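Take a look at the letters that make up each chain.
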Amino acid sequence: MHKTPDLHSHSTASDGTLTPEALVLRAAAAGVTTLALTDHDTVAGLDEARRAAERADITLIPGVEVSVTWGGRTVHIVGLDVDPDCPELLRGLDGLQQYRVWRAEEIAQRLSKAGFDGALEGAKSHAKGTLIGRTHFARFLVERGAAADLRSVFKHYLVSGKPGHVAGEWTTLDQAVGWIRAAGGHAVIAHPARYKFTRTKMRRLLAEHRECGGIGVEVVSGSHSRDDYFTFARHAAENGLYASAGSDYHGPENPWIELGRLPALPEGCRAIWTRPGFGRFSARAAA
Ligand code: AMP
Ligand code: MN
Ligand code: MN
Ligand code: MN
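Residues numbered from 1 in each chain as written. Chains lettered and ligands numbered in written order. Predicted model: local features only at pLDDT ≥ 70, side-chain atom pairs only at ≥ 80, totals over all residues. Heavy atoms only, no water.

(A) A look at the coordination of the manganese ion (ligand 4). Donor atoms from the polypeptide that coordinate the manganese ion (ligand 4) comprise His-8 (NE2), His-10 (NE2), Glu-65 (OE) and Asp-248 (OD), at 2.1 to 2.2 Å from the metal. For the manganese ion (ligand 4), the single-chain donor residues occur in sequence as H-x1-H-x54-E-x182-D. Separating the manganese ion (ligand 4) from the manganese ion (ligand 2) is a gap of 4.7 Å. Taken together, the residues span a long stretch of sequence, with His-8 in the segment before α1 (20-29) and Glu-65 in strand β2 (residues 59-70) at a distance of 57 residues. An identical accessibility class is assigned to His-8 and Glu-65; each is buried. (Donors = N, O, S within 2.8 Å, 3.2 Å for Na, K, Ca; no water. Helix = DSSP H or I, 4+ residues; strand = E, 2+ residues; numbered from the N terminus. Buried < 20%, exposed > 50% of the residue type's maximum accessible area, 1.4 Å probe, protein only.)

Given below as structure tokens:
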């Protein structure tokens, strides 16, 4: 039987702590046979990941996790098997990266008022690529002793109602799915249970996603419980969506999520990796 592919992971190109190469090698060592690198709003890590996959015993699916504002909240859309050179995708991601630069300055100003000077430089020192995100601020704040770990630093400083929070103004669902499709990819709603939407609102998201041309939803996710697997397997079936699986791995610092440990999809799911044409932009070592 085939091992469940891991179709959601991060590298230093966004807010992961392993370089694309180290990530690919670690996944291969953990027995992952198919890995998607899906950094936030960037494809900058894909070249290095592809080269590493060509030397290791693993298939690399080029991907991206696009930040979207939907229903007044941030929703993440994973694009799988995208052409990383697609101009429409690159233009779209570029806009999000520019917004991130502006937001980082805003976050730093707010943290300065809360007594943390040098937050922009501090966050940048944790960003190993060009992309900047809240996780980099969180690492800076932990370093400054603001809280013991990332989770509590987010809770006390970086979420709605807290001193360093800036409400996200990302792209629309329609645009994100459009860029992914322009790049030949498959658009998947990331970690749906994380949004804590009501049943009605979740149904609306799934329906709109489909109307926009989205075709999948993460059923198995590093941030889902066993119950969530079954809930979203049902949602997928009801909406005619493919099911995806991904750890959302960000690095070895988080002991709760490890590569190569994903369970199989619940029975009855249509796995996205069985969709015709899936894998056409993938890389792996020649046999
Ligand atoms: P951003 O896209 O820059 O707003 O940052 C979102 C990222 O922050 C997510 O992808 C997670 O990696 C991280 N994150 C969000 N909430 C938390 C949390 N409560 N604990 C740890 N990391 C979090
Ligand atoms: Mn992240
Ligand atoms: Mn996400
Ligand atoms: Mn992610």
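That shown, we press on.
(B) View of the coordination of the manganese ion (ligand 3). At 2.1 to 2.2 Å from the manganese ion (ligand 3) lie its protein donor atoms, namely Glu-65 (OE), His-76 (ND1) and His-191 (NE2). In primary sequence terms, the donor set of the manganese ion (ligand 3) follows E-x10-H-x114-H. Separation of the manganese ion (ligand 3) from the manganese ion (ligand 2) amounts to 5.6 Å. Of the two residues, Glu-65 sits in strand β2 while His-191 sits in the loop between β4 (186-189) and α8 (199-212), which places them 126 residues apart along the sequence. For the pair shown, Glu-65 and His-191 are each scored as buried.

(C) Looking closely at the site of ligand 1. The environment of ligand 1 is made up of Asp-15, His-40, Arg-100, Arg-103, Gly-133, Arg-134, Thr-135, Arg-151, Phe-154 and His-250. Within the side chain of Thr-135, one N or O atom sits 3.2 Å away from an oxygen atom of ligand 1. The separation between an oxygen atom of ligand 1 and a polar side-chain atom of His-250 is 3.0 Å. Of all the secondary structure elements, the ones that give two or more residues to the shell around ligand 1 are α3 (87-113), α5 (134-143) and α6 (150-158). Residue composition of the shell around ligand 1, by class: one nonpolar, four polar and five charged. (Near = heavy atom within 4 Å. Polar contact = N/O pair within 3.5 Å; in protein donor to acceptor, adjacent residues only side chain to side chain. Nonpolar A, V, L, I, M, F, W, Y, C, P; charged D, E, K, R; others polar.)

(D) Structural detail: the sheet that holds strand β6 (residues 242-246). Pairing is mixed across the open sheet formed by six strands, whose spatial order is β1-β2-β3-β4-β5-β6. The sheet terminates laterally at β1 (34-37) and β6, the two strands that pair on one side only. Ignoring strand direction, the axes of neighbouring strands in this sheet form an average angle of 40°. Pairing of β4 with strand β5 (residues 216-221), which is carried by two bridges, proceeds in the parallel orientation. Paired with Ile-189 across the strands is Val-217, a residue of β5. Packing of helix α7 (residues 173-182) onto the sheet brings it into contact with β2, β3 (73-80) and β4, and relative to β2 it is tilted by some 160°. (Pairing = 2+ DSSP bridges. Axes fitted to C-alpha atoms, helices over the stretch in contact; angles between N-to-C directions. Contact = heavy atoms within 4.5 Å.)

(E) Highlighting the packing of aromatic side chains. Enumeration according to the criterion identifies five aromatic pairs in this entry. The interplanar angle of 80° and the centroid separation of 4.9 Å between the aromatic rings of Tyr-99 and Trp-170 together place this pair among those described as edge-to-face. With a gap of 71 residues between them, Tyr-99 in helix α3 and Trp-170 in the loop between α6 and α7 connect regions that are remote in the sequence. Residue class for Tyr-99 comes out buried when judged on its relative accessible area of 13%. Counting every residue linked through ring pairs, the aromatic cluster contains Trp-70, Tyr-195 and Phe-197. The ring of Tyr-242 has Arg-270 sitting right over it, with the charged end atom 4.1 Å from the ring centre. (Phe/Tyr/Trp six-rings, centres within 6.5 Å; stacked < 30°, edge-to-face > 60°. Lys NZ or Arg CZ within 6 Å of the ring centre and 35° of its normal.)

(F) Structural detail: the nonpolar core. Counting residues in hydrophobic clusters, the biggest one holds 89 residues, and the most contacted among them are Leu-35, Val-66, Ile-77, Leu-89, Phe-137, Leu-158 and Leu-205. It is α3 that contributes the most residues to this core, eight residues altogether. Residues contacting Phe-137, with those up to four places away along its chain left out, are Ala-104, Ile-107, Ala-108, Leu-111, Ala-119, Leu-120, Ala-123, Ile-132 and Leu-158. (Core = buried A, V, L, I, M, F, W, Y, C linked by side-chain atoms within 4.5 Å.)

(G) Representation of the packing of α1 against helix α2 (residues 46-55) within the structure. Two numbers describe how α1 lies on α2: the axes approach to 8 Å, and their chain directions differ by 35°. Our pair here, α1 against α2, has a crossing hand that is right-handed. Here Pro-20, Glu-21 and Val-24 of α1 lie close against α2, whose contacting residues are Glu-48, Ala-49, Ala-52, Ala-53 and Arg-55. (Left-handed = near helix turned anticlockwise from the far one by under 90°.)

(H) Focus on α1. Of the positions making up α1, those classed as buried are Pro-20, Leu-23, Val-24 and Ala-27. Summarising the axial view, the buried residues of α1 lie within an arc of 95°, below the 170-degree limit, and thus occupy one face. Tucked inside the fold, the buried residues of α1 contact β1, α2 and β2. Following α1 by one or two positions, Gly-31 has its phi on the positive side, about 90°. (Arc of directions from axis to C-beta.)

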